[in-house]
Amino acid sequence: MKRSLPFLLCFGLLSGCTSGGSGTQPSEAQFFSMDTLMSIRVYDGNAQQALQAARQAVTRLDGLLSRTDPDSAVSTLNAHAGDGLPVALDEQTMEVLSFSKSIARLLPGCFDITIAPVMDAWGFTTETRHVPAQEDLSAAMALVNSDKLLVDETASAARLELAGMEVDLGAVAKGFAARQADAALREQGVTSALLDLGGNVTVLGCKPDGSAWQVAVKDPQNPDQALCVLSLEDETASTSGGYERYFEEDGVRYHHIIDPETGYPAESGLLSVTVVSSNHMLADALSTALYVAGPEKALAFWDSRDDFELVLCTQDNRVIVTQGLEEGYRPAGEDRGYTYEIARR
Ligand code: ADP
Ligand code: MG
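Please read these numbers as outputs of a predicted model, since none were measured by experiment.

S.K.: Got a minute to help me understand the side chain of aspartate 168 in this structure?
M.R.: Take aspartate 168: it is sitting in the loop between β6 (157-160) and α6 (173-187). Polar contacts involving the side chain of aspartate 168 include one to the main-chain amide nitrogen of glycine 170, which spans 2.7 Å. Discounting residues that sit within four places of it in the chain, aspartate 168 has contacts with Arg67, Ile113, Ile115, Ala116 and Met119.

S.K.: Can you help me understand the coordination of the magnesium ion (ligand 2) in this one?
M.R.: When four donors bind a metal tetrahedrally, each ideal donor-metal-donor angle is 109.5 degrees, and when six bind octahedrally, the ideal angles are 90 or 180 degrees. Of the protein atoms, only Ala171 (O), Asp284 (O), Asp284 (OD) and Thr288 (OG1) coordinate the magnesium ion (ligand 2), at distances of 2.2 to 2.6 Å. Read in sequence order, the donor residues for the magnesium ion (ligand 2) give the motif A-x112-D-x3-T. Here alanine 171, found in the loop between β6 and α6, pairs with aspartate 284, found in helix α7 (residues 280-293); they are 113 residues apart in sequence, far enough to count as distant. Neither residue differs from the other here; alanine 171 and aspartate 284 are each classed as buried.

S.K.: Sorry if this is basic, but what is going on with the domain arrangement of the protein here?
M.R.: Buried accessible area, meaning the area lost when the parts come together, often serves as the stated size of an interface. Taken as a whole, the protein is organised into domain 1 (7-62 + 179-343) and domain 2 (67-160). The centre of domain 1, based on its C-alpha atoms, is set 25 Å off from the matching centre of domain 2. Every contact between the two is made by 31 residues of domain 1 and, on the other side, 22 residues of domain 2. In this assembly, domain 1 packs against domain 2 so that about 2400 Å² is buried in total across both faces, 71% of it on carbon and sulfur atoms. Its largest share of buried area at the contact with domain 2, domain 1 owes to Phe247, Pro260 and Met281, together 23% of the area lost on that side. The residue glutamate 95 makes a salt bridge to arginine 179 at a minimum N-O spacing of 2.8 Å. Between domain 1 and domain 2 we count 4 residue pairs in polar contact (both at pLDDT 80 or more) in total. For the side of domain 1 that touches domain 2, the elements supplying multiple residues, two or more each, are α1 (47-65), α6, β12 (246-249), β13 (252-255), α7 and α8 (295-303). With 9 residues, α7 is the largest single contributor of residues to the side of domain 1 that touches domain 2. The class makeup of the residues in the side of domain 1 that touches domain 2 is 17 nonpolar, 6 polar and 8 charged.

S.K.: Looking at this model, I keep getting lost on the packing of helix α3 (residues 91-106) against α6. Mind explaining?
M.R.: Two measures define how a pair of helices packs: the angle their axes make with one another and the distance between the axes. Where α3 meets α6, the closest approach of the two axes is 11 Å, and the angle between their N-to-C directions is 135 degrees. The angle between α3 and α6 falls in the class oblique. Handedness of the crossing formed by α3 with α6: right-handed. Of the residues in α6, those touching α3 at Gln92, Glu95 and Val96 are Phe176, Arg179 and Gln180. Here the residues of the contact of α3 with α6 sort into 2 nonpolar, 2 polar and 2 charged.

S.K.: Please clarify how the packing of aromatic side chains should be interpreted in this entry.
M.R.: Any aromatic ring pair is given by two values, namely how distant the centres are and how the planes are angled relative to each other. This structure, assessed with the given rule, holds 9 aromatic pairs. Between the aromatic rings of phenylalanine 124 and phenylalanine 247, the centroid separation amounts to 5.7 Å while the plane-to-plane angle is 55 degrees, which identifies the pairing as tilted. Placement of the pair is phenylalanine 124 in the loop between α4 (116-121) and α5 (134-141) and phenylalanine 247 in strand β12, with a sequence separation of 123 residues. By the burial criterion, phenylalanine 124 is buried, and phenylalanine 247 matches it. Put simply, the rings of Trp122, Phe124, Phe247, Tyr254 and Tyr264 pair up and form one aromatic cluster. Geometry around tyrosine 246 places arginine 253 over its ring, the cationic atom sitting 3.9 Å from the centre. The residue whose ring lies beneath arginine 345 is tryptophan 302, and the NZ or CZ to ring-centre distance is 4.1 Å.

S.K.: Mind showing me how you'd approach the pairing of strand β3 (residues 36-42) here?
M.R.: For a regular strand, side chains alternate in direction, first toward one face of the sheet and then toward the other. Among the 7 residues that make up β3, 5 are buried, leaving the element largely enclosed by the rest of the structure. Relative to β3, strand β2 (residues 27-33) runs antiparallel, the two being bridged by 7 bridges. Note that in β3 the partner of glutamine 30 across the bridge is serine 39. Between β2 and β3, which pair antiparallel and follow one another directly, the connecting turn spans 2 residues, one of which, methionine 34, has a positive phi of 50 degrees.

S.K.: Even after reading the chapter, I still don't get the packing of α3 against α7, so can you show me in this structure?
M.R.: The N-to-C vectors of α3 and α7 enclose an angle of 40 degrees; their axes lie 11 Å apart at closest approach. Comparing their axes, α7 and α3 come out oblique. Two packed elements cross with a definite hand, and for α3 against α7 that hand is right-handed. Contacts from Glu95, Val96, Phe99 and Ile103 in α3 reach Met281, Leu282, Ala285, Leu286 and Ala289 in α7.

Calculation criteria
- Residues numbered from 1 in each chain as written.
- Chains lettered and ligands numbered in written order.
- Predicted model: local features only at pLDDT ≥ 70, side-chain atom pairs only at ≥ 80, totals over all residues.
- Heavy atoms only, no water.
- Helix = DSSP H or I, 4+ residues; strand = E, 2+ residues; numbered from the N terminus.
- Polar contact = N/O pair within 3.5 Å; in protein donor to acceptor, adjacent residues only side chain to side chain.
- Contact = heavy atoms within 4.5 Å.
- Donors = N, O, S within 2.8 Å, 3.2 Å for Na, K, Ca; no water.
- Buried < 20%, exposed > 50% of the residue type's maximum accessible area, 1.4 Å probe, protein only.
- Domains from an automatic or database assignment.
- Buried area = accessible area lost by both parts, 1.4 Å probe.
- Salt bridge = Lys/Arg side-chain N within 4 Å of Asp/Glu carboxyl O.
- Nonpolar A, V, L, I, M, F, W, Y, C, P; charged D, E, K, R; others polar.
- Axes fitted to C-alpha atoms, helices over the stretch in contact; angles between N-to-C directions.
- Parallel < 35°, antiparallel > 145°, perpendicular 65-115°, else oblique.
- Left-handed = near helix turned anticlockwise from the far one by under 90°.
- Phe/Tyr/Trp six-rings, centres within 6.5 Å; stacked < 30°, edge-to-face > 60°.
- Lys NZ or Arg CZ within 6 Å of the ring centre and 35° of its normal.
- Pairing = 2+ DSSP bridges.

Okay, here's the thing in C-alpha cells:
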C-alpha cells in the first residue's frame with residue numbers, strides 16, 4: 001500500500017498581490033522516491049534546473065540510504081553486521097547515522113534506527129503484513145539496539161555489532177532529503193517553493209504574493225480534512241501518525257511506528273504528531289520519536305528546547321499546539337469534536 005501525500009496543501013489564491021508575484025504559475029515535479037510520492041513546486045529562480053537538481057539530490061540520497069536497494073551504503077552496512085569489519089561510509093550517510101543516534105540518546109526508548117528486524121517481523125517491508133509470533137518478535141527485538149551501531153566519525157566508518165542487525169532510516173531519511181533538496185533549490189536562485197516529501201512539507205520563503213505559506217495538517221481520523229492550518233516561512237512541518245501506514249487483523253489496527261521497548265506499534269495516547277522546525281531532519285526524526293513518547297514526554301521535551309514547535313492530536317480529541325505556533329495556526333476541526341489548546345512554557 002502506497003500512501004497519498006500526507007498533507008493537504010493549501011496554496012490559497014495567488015491573486016490580490018501588489019507586487020510582480022501576481023498570477024505566478026509554479027513549475028512542478030512529482031516523482032516516487034524513498035517509497036513515497038514526492039512533489040516540488042517552484043515559483044521563481046531557474047525553475048527547471050532547480051527542480052532537476054532537487055530531484056537528483058533526493059534520488060541520490062535514496063541510493064545511499066535505502067534498505068531495499070542492495071547497492072546502497074545502508075545495505076552494505078547491514079550486509080556486514082556481526083562480521084567485525086567497519087564499513088567505510090560517505091559523509092552524508094555518516095551524518096544521518098550520527099544524528100539518529102543522538103536522537104536515540106535524547107529520547108531513550110522512543111527512537112531506534114536498528115528497528116529493521118522488527119519492521120520485517122511485522123511484514124511492514126513486504127506486502128504480507130501480519131502480527132508476528134511472539135518468538136519471532138522476541139528474536140527480532142534482541143537485535144534492536146542502536147548502542148550496538150558503532151559510528152566512528154574519524155574513520156568515516158560504522159559497524160553493526162550483532163549478526164542480523166539492520167539499520168532502517170525510514171524515520172529520518174526524508175527529512176535529510178528535504179534539507180538537500182531545499183539547498184539545491186536555493187543554489188538555483190529559488191526563494192519561493194513548496195516541497196512535500198511524503199509527510200515532510202518544507203516551504204522556502206513566502207508565497208509569490210509575499211504572504212506566508214498555508215499548510216494544512218491532516219485530521220488523522222479524517223485524512224481528507226484538515227485538523228488545523230499552519231502559516232509557515234522557511235520551515236519544515238513533519239507529521240507522523242498511525243493512520244499513514246497500517247493493516248488490520250482480527251479487527252485490530254496495527255500501524256508502522258514501533259515502540260522500541262515492546263516491539264509493538266506505539267500506543268502513547270497520540271493519533272498524530274506534527275513537528276515544525278527550520279531543521280528538516282530534526283522535524284522528521286522528532287515526529288516519529290515524539291509519537292512514541294506520548295503527549296506528556298513530548299511536551300516536556302519541547303519545553304527543554306527552542307528549536308521546534310508541535311501540534312499534537314490526542315486519542316481523546318485534543319489538539320495541543322505549542323506557543324510558538326499560536327499566532328500562525330488556524331483550527332479547522334471544531335465541527336468534528338476537536339478542542340484546541342495552547343501549550344505554554
Ligand atoms: P513515515 O515514514 O510514514 O513518514 P515516520 O517518519 O514516522 O513516518 O517514520 C516511520 C518509519 O520509521 C517506519 O516505517 C520505520 O521504517 C521507522 N520506524 C518505526 N518506528 C521507529 C522508531 N521507534 N524509531 C526509529 N524508526 C522507526
Ligand atoms: Mg519521521
